[in-house]
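# Secondary and tertiary structure notes
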Amino acid sequence: KSVKQRTKSLRELNDELESRVLARTEELAKANLHLREMDKVKSEFISVAAHQLRTPLTGIRWALEILLDEQEGMPEKQRKILSQTLDATTHVINLVGELLDINRIEEGQYEIRPSLQPISPIVEEIFGNYKSMATSHKVDFKLALPKIPLPDLLVDREKITIVFDNLVDNAIKYTPEGGSIEFKVDVGPKEVVFRVRDTGIGIPGDQFHRVFSKFYRSSNAIHFKTDGTGLGLYVAKQITEMHHGTVGFTSVEGKGSEFFCTLPIPTSGSGTLSKSGSV
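This report concerns the structure included in the present document. These numbers were taken from a predicted model, which means no experiment stands behind them. (Residues numbered from 1 in each chain as written. Predicted model: local features only at pLDDT ≥ 70, side-chain atom pairs only at ≥ 80, totals over all residues. Heavy atoms only, no water.)

Once that is clear, we can look at the pattern of salt bridges. For the structure shown, the criterion picks out eleven salt bridges. With a closest N to O distance of 2.9 Å, Arg 24 and Glu 27 form a salt bridge. Residue Arg 24 and its partner Glu 27 are both found in helix α1 (residues 3–70); the two are separated by three residues, about one turn of the helix. Under the relative-accessibility criterion, Arg 24 is labelled partly exposed at 47%. (Salt bridge = Lys/Arg side-chain N within 4 Å of Asp/Glu carboxyl O. Helix = DSSP H or I, 4+ residues; strand = E, 2+ residues; numbered from the N terminus. Buried < 20%, exposed > 50% of the residue type's maximum accessible area, 1.4 Å probe, protein only.)

Right, dumping it as structure tokens:
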């Protein structure tokens with residue numbers, strides 16, 4: 001072929017390729033728009049459904065608590081049934097709350113309102129709240145604080161409590177009778193590290209990458225304890241990162257795990273965090 005013919009062929013090929021790229025780009029843009037619309041519908045559905053469920057469930061829990069508190073002389077069999085129903089209702093209410101939290105996080109509407117405050121009372125409250133639970137599970141639970149005073153931290157007390165709740169609650173749930181748990185706090189030059197170490201069932205190594213994913217529960221955890229949502233660690237990670245902290249873990253299947261959360265020590269001139277966690 002002549003140079004002119006080859007040039008024409010290349011131009012036609014280039015035009016055809018550009019046409020195909022433009023067509024494919026339009027298809028991808030439409031698909032992306034459809035996915036965003038579907039995601040919005042999903043978020044709206046979860047929000048509406050969760051709100052619709054929470055009110056009647058809270059009423060049911062309130063009624064069950066009154067029955068258990070006020071009905072003296074109730075046969076043990078009936079009391080046991082009511083108590084199990086109350087536990088199940090509370091579990092569903094907690095699930096609804098976690099779904100709402102995740103929905104707000106993904107929409108960028110999950111607000112944190114941090115203030116500079118002592119962290120020791122929060123840690124000691126968590127320990128006190130879970131001590132009786134650990135005892136009832138026949139698990140030894142200890143709190144290890146450093147000899148030096150803990151610094152004040154810039155935190156949202158309610159939200160950071162959710163992080164500690166999830167780490168300690170998981171440790172207790174997945175540690176067999178006779179095991180032990182330590183809630184330890186260390187102070188570094190720039191951060192405070194909170195560690196929850198247990199002698200529980202551990203996590204399979206091939207599932208490490210999924211630990212902080214939504215709805216994830218390890219295969220051995222599902223067999224050990226059937227109930228659970230797999231949402232707690234995902235929420236804990238998001239909240240910690242909003243506080244400019246980090247979360248992580250080490251684990252050996254069958255021997256135990258250690259989950260840790262780090263929170264930065266404020267420097268002079270530190271600002272306050274926005275709802276998205278930025279200073």
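Before going further, it helps to examine the packing of aromatic side chains. Going through the model one piece at a time under the given rule, you end up with seven aromatic pairs. On the basis of an interplanar angle of 50° and a centroid distance of 4.9 Å, the ring pair of Phe 127 and Phe 141 is categorised as tilted. Within this pair, whereas Phe 127 is found in helix α3 (residues 120–136), its partner Phe 141 is found in strand β2 (residues 140–144), the two being separated by 14 residues in sequence. An angle of 20° between the planes, with centres 5.2 Å apart, marks the rings of Phe 249 and Phe 259 as stacked. Of the two residues, Phe 249 sits in strand β6 (residues 246–252) while Phe 259 sits in strand β7 (residues 256–264), which places them ten residues apart along the sequence. The residues Phe 249 and Phe 259 share a single accessibility class, namely buried. Of the aromatic side chains, those joined through ring pairs into one cluster are Phe 208, Phe 212, Phe 249 and Phe 259. (Phe/Tyr/Trp six-rings, centres within 6.5 Å; stacked < 30°, edge-to-face > 60°.)

Its 31 residues give helix α2 (residues 76–106) an end-to-end C-alpha distance of 45 Å, which sits within 8% of 45 Å, the value for a rise of 1.5 Å per residue. Among the residues making up α2, those that are buried are Leu 82, Leu 86, Thr 89, Ile 93, Val 96, Gly 97, Glu 98, Leu 100, Asp 101, Ile 102, Asn 103 and Ile 105. Looking one or two places after α2, you find Gly 108, whose phi comes out positive at around 70°. (Expected span 1.5 Å × (residues − 1).)

A word on the layout of surface pockets. In this model, the largest pocket occupies a volume close to 1,300 Å³. Where the lining of the largest pocket is concerned, the elements lending two or more residues are α2, α3, α4 (157–173), β5 (191–198), α6 (232–242) and β7. Top contributing element to the lining of the largest pocket by residue count: α4, with eleven residues. For the lining of the largest pocket, the per-class residue count stands at 18 nonpolar, 16 polar and 14 charged. (1 Å grid on protein atoms, 1.4 Å probe; cavity = no way out; pocket = protein on both sides within 12 Å on 5 of 7 lines; lining within 4 Å. Points joined across faces, edges and corners; volume = space filled by probe spheres on them. Nonpolar A, V, L, I, M, F, W, Y, C, P; charged D, E, K, R; others polar.)

Moving on, we get to the sheet that holds strand β4 (residues 180–187). The strands making up a sheet associate through backbone hydrogen bonding, with each pair oriented either parallel or antiparallel. Overall, mixed pairing links the five strands, which are arranged β2-β4-β5-β7-β6 in an open sheet. Across the chains shown, the open sheet's two edge strands, defined by having one partner strand only, are β2 and β6. Recorded for the sheet is a direction-independent mean angle of 10° between the axes of neighbouring strands. One ladder, built from five bridges, connects β2 with β4; its direction is parallel. Bridge pairing in β4 places Lys 142 opposite Glu 182. With respect to the sheet, α3 is in contact with β2, β4 and β5, its orientation differing from that of β2 by roughly 170°. (Pairing = 2+ DSSP bridges. Axes fitted to C-alpha atoms, helices over the stretch in contact; angles between N-to-C directions. Contact = heavy atoms within 4.5 Å.)

Function cannot be read off these values alone, since they describe shape.
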